[in-house]
Amino acid sequence: MVETSTEVARATSGCTGLDLALGGGYGIGRITSIAGLKSTGKTQLAIETCAHFKNDYPKAKIYYVDAETAFDLSFAQFIGFPKEDVTLVRHHTVEDFERETIAWINNLKGPKPAKGKEPAEEGDYAIVVLDSLDALGTKKEIETTVEDAAGFANARKAAIVSSIYKKLLTATDGKNVAVVIIHQLRVNVSGYGALHLIAGGKAVELFGCAIVRDSKLKTLTKTIKGNVRATGVRVKAYVEKNKLGLPFREFEFTIQFHYGIDDIEASLSFLQDQGELARLPRELVMTVDKDNKEKLVEKVSTVIDRLEKLDDLAFAENLKLLKKTTTDVWNEIEAGFTVTRRRKF
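All residue numbers refer to position in the chain's written sequence, counted from 1. In keeping with the model being predicted, local features are shown solely for residues with a pLDDT of at least 70 and side-chain atom pairs are shown and tallied solely at 80 or more, while totals for entire chains, interfaces and linings include all residues. Only hydrogens and water are set aside when side-chain values are computed; all heavy atoms of the structure are taken into account.

1. Some words on the overall build of the chain
Thought 1: Each helix is a run of DSSP H or I of at least 4 residues and each strand a run of E of at least 2, with the numbering of both proceeding from the N terminus. When its secondary structure is counted, the chain shows 12 helices and 14 strands.
Thought 2: Its C-alpha atoms give the chain a radius of gyration of 22 Å, within 12% of the compact-globule value 20 Å for 345 residues.
Thought 3: Principal-axis analysis of the C-alpha atoms gives the chain an extent of 75 × 65 × 50 Å.
Thought 4: Burial here depends on accessible area, computed with a 1.4 Å probe over protein chains only, as a share of the maximum for the residue type. Under 20% is buried, over 50% is exposed, and the range in between is partly exposed. In the chain, which comprises 345 residues, the proportion classed as buried is 46%.
Thought 5: Any two residues having at least one pair of non-hydrogen atoms within 4.5 Å are treated as being in contact. Within the chain, contacts between residues at least 6 apart in sequence are counted, and of these 64% link residues at least 24 apart.
Thought 6: Per element, the accessible surface of the chain, about 19200 Å² overall, is 52% carbon and sulfur.
Thought 7: Working convention for charge: Lys and Arg count positive, Asp and Glu count negative, and His plus the chain ends are omitted. To locate a charge, the coordinates of NZ of Lys, CZ of Arg, CG of Asp or CD of Glu are taken. One way to put it: in the chain the 49 positive side-chain charges average out to a point 3 Å from where the 48 negative ones average out. In this setup the radius of gyration rests on C-alpha atoms only. A globule is expected at 2.2 Å times the number of residues raised to 0.38. Each accessible area is a Shrake-Rupley estimate made with a 1.4 Å probe; only the visible protein chains count as cover when residues are assessed.

Here is the structure:
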């Protein structure tokens, strides 16, 4: 089995495979960074996480910082972003984000153990999203000219970001708050090390619980009457750092425009790639060839079409089975990489 922490609650990303790559999902009470270039699904992942978090915890509160002033609330709600208990704000400096966000978290109720005749209390469940850290400047940077700001702006921001991470860790300690921070990758002009870097100083790498790097594999298109339109993107999520599971895991998935993460297609494609599609019910994955012999379907889209034709109850049951099968196959693969030597302690 995949080694995961049983003490830390998780928030699903909305993608079964990414949750598995993370060892169970984003840690609640932890800071997760999502980094990538443009059009790699970073905001979509944040939207899906908020939607699923609200679904799993109906009384949960959402604090979403739209630092890029590009968040389309109506579109986000169309694909599942919560409509209630949402605080949507637009901070423009790291100082404002630090002050307002920490204050918001401090006002949340933490869990309380049972005491005497008083029952235990779960406390508030909440998720904080910053989209994105790179869009925040410092007050000094905004108030001065470009010439005056050059030379100290990055150092000043890195110092404040370090302070923010430390204060976030303190504020979320013991509370049911998941923090997701989005980063825009920058080109490394030094010529040394990685091609792209995460801005914000060493605090991002040191104090975050998990870092997920998104990369776009390809743009999906569809042609209607000779017109070619983009319909989505294929994304690979690589878990660069992970304190709650094994690092350096990756998973591919599709983001469909006007729909979101296609978890069904991603799980089916994973099972097909591993040669394990036959584990699913025969009526979903088997077909008959011209010689009247059964064989596996060649396209996962066929399985999706069959799923869509099921009634709600059968559809839900098969989705649970699909998730379980995906998890089982992933864990079986991971088990093959486990060291089987006698333990030292």
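From this point on, the discussion continues.
2. Regarding the pattern of salt bridges
Thought 1: The term salt bridge refers to a side-chain nitrogen of Lys or Arg lying within 4 Å of a carboxyl oxygen of Asp or Glu. Taken as a whole and judged by the stated rule, the model has 18 salt bridges.
Thought 2: Measuring nitrogen to oxygen at the nearest pair gives 3.2 Å for the salt bridge that ties Lys167 to Glu98. Of this pair, Lys167 sits in helix H7 (residues 153-172) while Glu98 sits in helix H4 (residues 94-106), and the two are 69 residues apart along the sequence.
Thought 3: Residue classification places Lys167 among the partly exposed positions, given a relative accessible area of 40%.

3. Observations regarding the pairing of strand S3 (residues 31-36)
Thought 1: Most of S3 sits out of view: 6 of its 6 residues are buried.
Thought 2: Both faces of S3 are covered, namely the face carrying Ile31, Ser33 and Ala35 and the face carrying Thr32, Ile34 and Gly36.
Thought 3: The pairing of S3 with strand S7 (residues 176-187) spans 6 bridges and is parallel. Of the residues in S7, the one forming a bridge with Ile31 is Val179. Any two strands between which DSSP finds at least two bridges are classified as paired.

4. Considerations on the environment of Asp19
Thought 1: Structurally, Asp19 can be placed in helix H1 (residues 16-21).
Thought 2: Separated by 308 residues in sequence, Asp19 and Thr327 place their C-alpha atoms 9.6 Å apart.
Thought 3: If we skip the residues at most four places from it in the chain, Asp19 touches Thr12, Ser13, Gly14, Gly24 and Gly25.

5. Concerning the nonpolar core
Thought 1: Of all hydrophobic cores here, the largest spans 54 residues; its most connected members are Leu18, Tyr26, Phe53, Phe81, Ile127, Phe253 and Leu268.
Thought 2: Setting aside residues no more than four positions away along its own chain, Tyr26 makes contact with Ala9, Arg10, Ala11, Thr12, Ser13, Leu18, Thr32, Ile34, Leu45, Thr49 and Val180.
Thought 3: Core analysis: the next-biggest nonpolar cluster, separate from the first, contains 31 residues, Leu108, Val128, Tyr165 and Val204 among them. The set of buried Ala, Val, Leu, Ile, Met, Phe, Trp, Tyr and Cys residues whose side-chain atoms join them within 4.5 Å is what this entry labels a nonpolar core.

6. Details of the side chain of Arg10
Thought 1: Along the chain, the position of Arg10 falls in strand S1 (residues 10-11).
Thought 2: No salt bridge is formed by the buried Arg10, whose closest oppositely charged neighbour, Asp19, lies at an N-O distance of 7.7 Å.
Thought 3: Polar contact is defined as a pair of N or O atoms within 3.5 Å, subject to the rule that within protein one atom must be able to donate a hydrogen and the other to accept it, and that residues adjacent in sequence are counted only when both atoms are side-chain atoms. At a separation of 2.9 Å, a polar atom in the side chain of Arg10 contacts the main-chain carbonyl oxygen of Leu244.

7. Comments concerning the packing of aromatic side chains
Thought 1: Between the rings of Phe, Tyr and Trp (Trp by its six-membered ring), a pair exists once the centres lie within 6.5 Å; its type follows the angle of the planes, with under 30 degrees stacked, over 60 edge-to-face, and the other angles tilted. All chains considered together, the criterion is met by 9 aromatic pairs.
Thought 2: Ring centres of Tyr57 and Tyr125 lie 4.1 Å apart, and the angle between their planes is 10 degrees; this geometry places the pair in the stacked category. Of the two residues, Tyr57 sits in the loop between helix H2 (42-56) and strand S4 (61-66) while Tyr125 sits in strand S6 (residues 125-131), which places them 68 residues apart along the sequence.
Thought 3: Residue classification places Tyr57 among the partly exposed positions, given a relative accessible area of 21%.
Thought 4: Look at Tyr64 and Phe81: their rings are 5.7 Å apart centre to centre, the planes differ by 90 degrees, and that puts the pair in the edge-to-face class. Linking Tyr64 in strand S4 with Phe81 in the loop between helix H3 (73-78) and strand S5 (86-89), this pair joins segments that are 17 residues apart in sequence.

8. What to know about the packing of helix H9 (residues 263-273) against helix H11 (residues 300-308)
Thought 1: Each axis is a line fitted through C-alpha atoms, taken for helices only over the stretch in contact, and angles between the N-to-C directions span 0 to 180 degrees. For the pair H9 and H11, interaxial distance at closest approach is 10 Å and the crossing angle is 135 degrees. As judged from the angle between their axes, H9 and H11 are oblique. Judged by the sense of rotation from one axis to the other, the crossing of H9 with H11 is right-handed. When H9 is examined against H11, the residues Ile264, Glu265, Leu268, Ser269 and Gln272 are found in contact with a partner set consisting of Val300, Val303, Ile304 and Leu307.
Thought 2: All residues other than Ala, Val, Leu, Ile, Met, Phe, Trp, Tyr, Cys, Pro, Asp, Glu, Lys and Arg, Gly among them, are scored as polar; the first ten of these are nonpolar and the last four charged. Residue composition of the contact of H9 with H11, by class: 6 nonpolar, 2 polar and 1 charged. Angle categories: roughly parallel below 35 degrees, roughly antiparallel above 145, roughly perpendicular from 65 to 115, and oblique for all the rest. Should the near helix be turned counterclockwise from the far one by less than a right angle, the crossing is left-handed, whereas a clockwise turn marks it as right-handed.

9. Let's talk about the pairing of S6
Thought 1: Within S6, 7 of the 7 residues are buried, leaving the element largely enclosed by the surrounding structure.
Thought 2: Residues Tyr125, Ile127, Val129 and Asp131 of S6 are buried on one face, and the alternating residues Ala126, Val128 and Leu130, pointing to the opposite face, are buried as well.
Thought 3: Bridge analysis of S4 against S6 gives 6 bridges, and the strand direction is parallel. Bridge pairing in S6 places Val65 opposite Leu130.
Thought 4: Of the pairings in the sheet, the one linking S6 to S7 comprises 6 bridges and is parallel in character. Paired with Ile127 across the bridge in S7 is Ala178.

10. A few points about H9
Thought 1: Within H9, 8 of the 11 residues are buried, which leaves the element mostly enclosed by the surrounding structure.
Thought 2: What H9 keeps buried is the set Ile264, Glu265, Ala266, Ser267, Leu268, Ser269, Phe270 and Leu271.
Thought 3: In this structure, the buried side of H9 is in contact with H1, strand S10 (227-242), strand S11 (250-256), H11 and helix H12 (312-335).
Thought 4: Trailing H9 by a residue or two, Gly275 shows a phi angle of about 70 degrees, which is positive.

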